[in-house]
Amino acid sequence: MLLNKEKWPEFVEKLIGKNLWAPKLEGEAMRFALVAEGEEVSLEYGNTRVPPKGTAFPQTETMYRFQLGNTDMQEPKLEEERILLGVRPCDARAMAIIEKLFRWDYDDPYFLKRREMLTLVGLACNDPGLNCFCPSVGGAPDSAEGLDLLMYDLGDSFLMESVTTKGEALLAETKELLTDSDADAVKTKEKLFADAGAKIKRTVDHIGIPEGLPGLWEDPLWRRVSASCIGCATCTYLCPTCHCFDIQDEVEGFEARRCRMWDSCMFEEYTLHTSGHNTRPTRRERTRNRINHKYSYYVDKFDVIACVGCGRCINLCPVNIDIVEILRQVKEELQ
Amino acid sequence: MTADNPYIPYFATIEDSWFETGGDRCIKTFKVVFDDPAVRDSWNHKPGQCAMIGVLGEGESMISISCSPTEGKFLRFSVMKMGKVTQALHKLEAGDKMTVRGPYGNSFPVDDWQGKKILTIGGGIGQAPLRPIVEFVKSNREKYAGLTMIYGARSAGDLCFKGEFDQMSKRDDLSCHLTIDIEEEGWDHNVGFVPQMLLDLNPSPENTIAVTCGPPIMIRFVLENLKKLGFSDEQVYTTLENRMKCGIGKCGRCNAGCMYVCKDGPVFSYSVLKDIPEAFA
């Protein structure tokens with residue numbers, strides 16, 4: 001279906017009542033936030049600084065509430081449906097990738113329930129960023145994986161293709177704003193997104209890396225690539241596939257909650273034993289773990305690289321550590 | 001551990017508790033019984049498995065279950081007073097409640113070991129995960145070809161489960177060897193380090209499974225000495241621990257190489273472990 005851009009404000013207006021979230025500038029950072037009544041939604045952005053993973057896996061969330069000295073535990077009610085508009089294909093793929101972990105033998109009720117409540121409306125990338133490398137890791141600027149509906153910006157209109165029944169339902173609800181697509185539109189789309197793919201200059205040749213990485217355990221490259229790391233964990237907090245968390249109890253008087261919050265393998269405390277022993281005592285071991293986890297361990301467990309090539313960890317690292325460059329060095333050592 | 005939420009713990013009431021050792025880092029054992037009779041009946045753990053135990057408002061810690069299911073419908077945990085959660089646990093007495101979820105992880109393959117001689121080599125609090133094997137084999141003694149236990153600690157006061165050894169040394173169907181690092185008055189067992197005692201006892205590797213747990217430095221030398229004695233990697237098992245939060249393979253931190261200690265472990269055969277780069281980090 002086609003949505004003429006003149007109808008775009010009406011389209012957004014129709015969705016606003018349905019708990020609509022879209023990229024918004026907050027301070028200087030673009031992140032997904034609730035769209036209020038009468039607000040304009042602009043899709044003139046590359047990648048949001050903060051990935052939308054928080055809509056299924058919040059930065060901090062209550063697991064259950066309780067009162068000290070009492071055995072009653074109240075779980076939060078997760079019943080709020082939510083539409084995410086303008087999700088980039090890499091971020092939607094990331095949701096599908098981490099879902100594998102959250103389903104591994106034990107279903108994680110918080111992630112899965114929140115994920116089920118989401119409708120992801122994607123926006124294919126006409127202009128991938130400088131450090132994007134999604135095609136190298138199984139994605140594409142117009143990948144539909146993990147999305148319910150994918151929009152392609154054709155200039156004057158959006159081509160809307162449903163991926164799931166949720167996406168179909170959304171098209172049905174807005175059908176008076178849509179027109180049928182035609183062969184020309186499809187042709188334009190194919191041309192635009194072949195061009196978009198060609199704009200991506202950064203590449204990772206991952207062949208042999210998952211099997212080979214553990215063999216480079218003591219390689220000097222780990223000291224080299226972690227030398228400038230300051231352990232800020234930006235690379236992992238802003239990574240759409242990083243899913244590690246800490247669990248903490250918060251107590252105020254007798255009221256308490258057990259909550260979980262994003263954690264990072266780049267922090268010293270992450271693996272610190274109470275005895276003072278640390279299995280990953282320096283940034284060398286922690287960087288090595290981050291790369292191994294994404295490009296080897298996750299492949300071993302779930303058959304997919306836990307990196308979608310969004311480029312955030314490269315763009316936002318304060319000391320210019322570059323995962324593509326690390327992987328190039330890995331590949332070089334393996335040859 | 002409700003059907004829908006594996007993070008919700010059960011409650012268990014402490015039936016009995018006692019100190020195994022003294023000092024700043026004392027070890028206290030808790031014998032607990034689930035409050036819910038349905039949980040009590042359906043709970044089924046194997047030697048080597050762990051549970052997340054805790055105190056609401058303080059947190060949870062992964063602790064090995066230090067009893068065998070053959071001992072009865074209760075659980076035992078031996079906890080060293082170390083950090084926030086274990087200090088909170090140490091304040092609990094008989095009648096108090098703790099939270100429990102699990103059982104987690106794989107287990108010692110005691111069924112596959114039937115017909116073999118079992119040799120456990122423990123040091124300090126490392127005896128806690130080995131105790132269920134000893135108890136399990138004791139209760140099914142006719143199914144195993146032998147049972148030898150080597151256990152050591154820094155001093156007599158640092159040995160856990162002391163009360164159980166007198167009775168064990170009276171049995172003629174198992175042998176129990178105790179050692180402490182430094183000579184002390186009134187001690188009539190061996191003096192010396194565990195790895196050396198293993199060499200001195202010179203057990204035959206034939207049809208034997210060796211299981212070890214203790215401080216990393218002890219494990220390292222025990223593994224070396226088992227090799228010297230002719231044990232193959234497949235005959236040697238150990239159990240690992242790492243910092244954990246969820247216990248169910250989600251929170252990410254307990255991995256040693258590609259293995260999640262909470263799910264793929266904690267029990268590993270040395271033939272697997274020797275290829276995991278971080279296993280002895």
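What you see is a predicted model, and the numbers here were worked out from it, not measured in a lab.

1. A word on the overall build of chain B
At step 1: Summing up its helical and strand segments, chain B has 7 helices and 15 strands in all.
At step 2: Against the globule reference of 19 Å for 281 residues, chain B gives a C-alpha radius of gyration of 18 Å, in line with a compact fold.
At step 3: Counting over 281 residues, chain B shows a buried share of 60%.
At step 4: Across chain B, the fraction of contacts at a sequence separation of at least 24, relative to all contacts at a separation of at least 6, is 68%.
At step 5: Summing over all exposed atoms, chain B offers an accessible surface of approximately 11200 Å²; the carbon and sulfur share of this is 49%.
At step 6: Treating the 31 positive side-chain charges of chain B as one cloud and the 36 negative ones as another, the clouds have centres 4 Å apart.

2. Points about the overall build of chain A
At step 1: In terms of regular secondary structure, chain A is built from 11 helices and 11 strands.
At step 2: Within chain A, buried positions represent 56% of all 335 residues.
At step 3: Pairs at least 24 residues apart make up 73% of the contacts formed inside chain A by residues separated by at least 6 positions.

3. Brief notes about the interface of chain A and chain B
Where the parts come together, the accessible area they lose is often given as the size of the interface.
At step 1: Contact with chain A, which involves 45 residues of that partner, is made by 38 residues of chain B.
At step 2: Inspection of the chain A/chain B interface yields 6 salt bridges.
At step 3: Across the salt bridge formed by Arg280 of chain A and Glu278 of chain B, the nearest N and O atoms sit 2.9 Å from each other.
At step 4: Where chain A touches chain B, the interface holds 27 residue pairs in polar contact (both at pLDDT 80 or more).
At step 5: Those elements giving two or more residues to the side of chain A that touches chain B turn out to be strand 4 (60-67), helix 2 (89-102), helix 3 (109-116), strand 10 (245-252), strand 11 (255-262) and helix 9 (283-302) of chain A.
At step 6: Sorting elements by how many residues they give to the side of chain A that touches chain B places strand 10 of chain A first, with 6 residues.
At step 7: Taken together, the residues of the side of chain A that touches chain B sort by class into 19 nonpolar, 12 polar and 14 charged.

4. Examining the pattern of salt bridges
Residues and elements named next belong to chain A.
At step 1: Under the criterion given, the structure shown has 41 salt bridges over all chains.
At step 2: For Lys5, the salt bridge is made with Asp153, and the minimal N-O distance between the two is 2.8 Å. Of this pair, Lys5 sits in the loop between strand 1 (2-4) and helix 1 (8-16) while Asp153 sits in strand 7 (residues 149-153), placing them 148 residues apart in sequence.
At step 3: The exposure class assigned to Lys5 is partly exposed, which follows from its relative accessible area of 29%.

5. Looking at the domain arrangement of chain A
Residues and elements named next belong to chain A.
At step 1: Domain annotation for chain A reports domain 1 (2-50 + 75-198) and domain 2 (209-334).
At step 2: Taken together, the contact between domain 1 and domain 2 spans 22 residues of the former and 25 residues of the latter.
At step 3: Surface buried jointly by domain 1 and domain 2 totals about 2100 Å² across both partners, of which 66% is contributed by carbon and sulfur atoms.
At step 4: Among the residues of domain 1 in contact with domain 2, Ile97, Asn131 and Phe133 are the three that bury the most area, contributing 27% of the side total.
At step 5: Counting every contact that joins domain 1 to domain 2 gives 2 salt bridges.
At step 6: Asp91 serves as the salt-bridge partner of Arg312, at 2.8 Å between the closest nitrogen and oxygen.
At step 7: For the pair domain 1 and domain 2, the number of links is 8 residue pairs in polar contact (both at pLDDT 80 or more).
At step 8: Put simply, the parts of the chain that give the side of domain 1 that touches domain 2 at least two residues each are helix 2 and helix 3.
At step 9: Looking at the side of domain 1 that touches domain 2, the element that brings in the most residues is helix 2, giving 9 residues.
At step 10: Among the residues making up the side of domain 1 that touches domain 2, the classes are represented as 14 nonpolar, 3 polar and 5 charged.

6. Thoughts on the domain arrangement of chain B
All names here are of chain B.
At step 1: One can read the domain layout of chain B as domain 1 (10-104) and domain 2 (117-239).
At step 2: Contacts between the two partners involve 17 residues from domain 1, matched on the other side by 17 residues from domain 2.
At step 3: Carbon and sulfur atoms supply 60% of the area buried between domain 1 and domain 2, which totals about 1200 Å² over both sides.
At step 4: The largest per-residue losses of area from domain 1 upon contact with domain 2 belong to Glu20, Pro47 and Thr70, which jointly make up 31% of the total buried on that side.
At step 5: In this structure, Arg76 and Glu164 form a salt bridge, with 3.3 Å as the shortest nitrogen-oxygen distance.
At step 6: Scanning the region where domain 1 abuts domain 2 turns up 6 residue pairs in polar contact (both at pLDDT 80 or more).
At step 7: For the side of domain 1 that touches domain 2, the element with the highest residue contribution is strand 5 (residues 75-80), accounting for 3 residues.

7. Considering the side chain of Ser143 of chain A
At step 1: With respect to the helices and strands, the residue Ser143 of chain A is situated in the loop between strand 6 (118-123) and strand 7.
At step 2: Look past the residues within four positions of Ser143 of chain A in its chain and what remains in contact with it is Pro89, Arg93 and Leu150 of chain A.

8. Things to note about the nonpolar core
At step 1: Residues Trp8, Phe11, Leu85, Met151 and Met160 of chain A are the most contacted members of the largest nonpolar core, which totals 93 residues.
At step 2: Top contributing element to this core by residue count: helix 2 of chain A, with 8 residues.
At step 3: The contact partners of Trp8 of chain A, leaving out residues within four places of it in the chain, are Leu3, Val41, Leu43, Leu85, Met151 and Phe158 of chain A.
At step 4: In terms of nonpolar packing, the next biggest core, distinct from the first, is built from 32 residues, Ile27, Leu130, Leu174 and Ile180 of chain B among them.

9. Some points on unusual backbone geometry
All names here are of chain B.
At step 1: Gly102 connects to Pro103 through a cis peptide bond whose omega is -5°.
At step 2: Mapped onto the elements of the fold, Pro103 is located in strand 6 (residues 97-104).
At step 3: Phi at Phe161 is positive, roughly 60°, even though this residue is not glycine.
At step 4: Tracing the backbone shows Phe161 in the loop between strand 8 (146-153) and helix 4 (162-170).

10. With respect to a nonpolar patch on the surface
Residue and element names in this part refer to chain A.
At step 1: On the surface, Leu68, Val251 and Phe254 cluster together into a nonpolar patch covering about 280 Å² of accessible area.
At step 2: Position of Leu68 relative to the elements: it lies in the loop between strand 4 and strand 5 (82-87).
At step 3: Residue class for Leu68 comes out partly exposed when judged on its relative accessible area of 31%.

11. Thoughts on the pairing of strand 7 (residues 117-123) of chain B
Residue and element names in this part refer to chain B.
At step 1: Within strand 7, 6 of the 7 residues are buried, leaving the element largely enclosed by the surrounding structure.
At step 2: Where strand 7 and strand 8 come together, 7 bridges link them in parallel fashion. The residue of strand 8 that forms the bridge with Thr120 is Met149.

12. Topic: the packing of aromatic side chains
Residues and elements named next belong to chain B.
At step 1: Scanning all chains against the criterion turns up 21 aromatic pairs over all chains.
At step 2: Centroid distance Trp113 to Tyr237: 5.0 Å. Interplanar angle 65°. Geometry classified as edge-to-face. With Trp113 in the loop between strand 6 and strand 7 and Tyr237 in strand 12 (residues 236-239), this residue pair connects regions lying 124 residues apart in the sequence.
At step 3: Among the residues examined, Trp113 registers a relative accessible area of 2% and is labelled buried.
At step 4: Using a relative accessible area of 15% as the deciding quantity, one classes Tyr237 as buried.

Here is what the cut-offs are and how they apply
- Residues numbered from 1 in each chain as written.
- Chains lettered and ligands numbered in written order.
- Predicted model: local features only at pLDDT ≥ 70, side-chain atom pairs only at ≥ 80, totals over all residues.
- Heavy atoms only, no water.
- Helix = DSSP H or I, 4+ residues; strand = E, 2+ residues; numbered from the N terminus.
- Rg over C-alpha atoms; globule rule 2.2 N^0.38 Å.
- Buried < 20%, exposed > 50% of the residue type's maximum accessible area, 1.4 Å probe, protein only.
- Contact = heavy atoms within 4.5 Å.
- Areas by Shrake-Rupley, 256 points an atom, 1.4 Å probe, with all protein chains shown as cover.
- Lys, Arg positive; Asp, Glu negative; His and termini not counted.
- Charge placed at Lys NZ, Arg CZ, Asp CG, Glu CD.
- Salt bridge = Lys/Arg side-chain N within 4 Å of Asp/Glu carboxyl O.
- Polar contact = N/O pair within 3.5 Å; in protein donor to acceptor, adjacent residues only side chain to side chain.
- Nonpolar A, V, L, I, M, F, W, Y, C, P; charged D, E, K, R; others polar.
- Domains from an automatic or database assignment.
- Buried area = accessible area lost by both parts, 1.4 Å probe.
- Core = buried A, V, L, I, M, F, W, Y, C linked by side-chain atoms within 4.5 Å.
- Patch = residues over 30% accessible without salt bridge, like charges linked within 9 Å, V, L, I, M, F, W, Y side chains within 5 Å.
- Pairing = 2+ DSSP bridges.
- Phe/Tyr/Trp six-rings, centres within 6.5 Å; stacked < 30°, edge-to-face > 60°.

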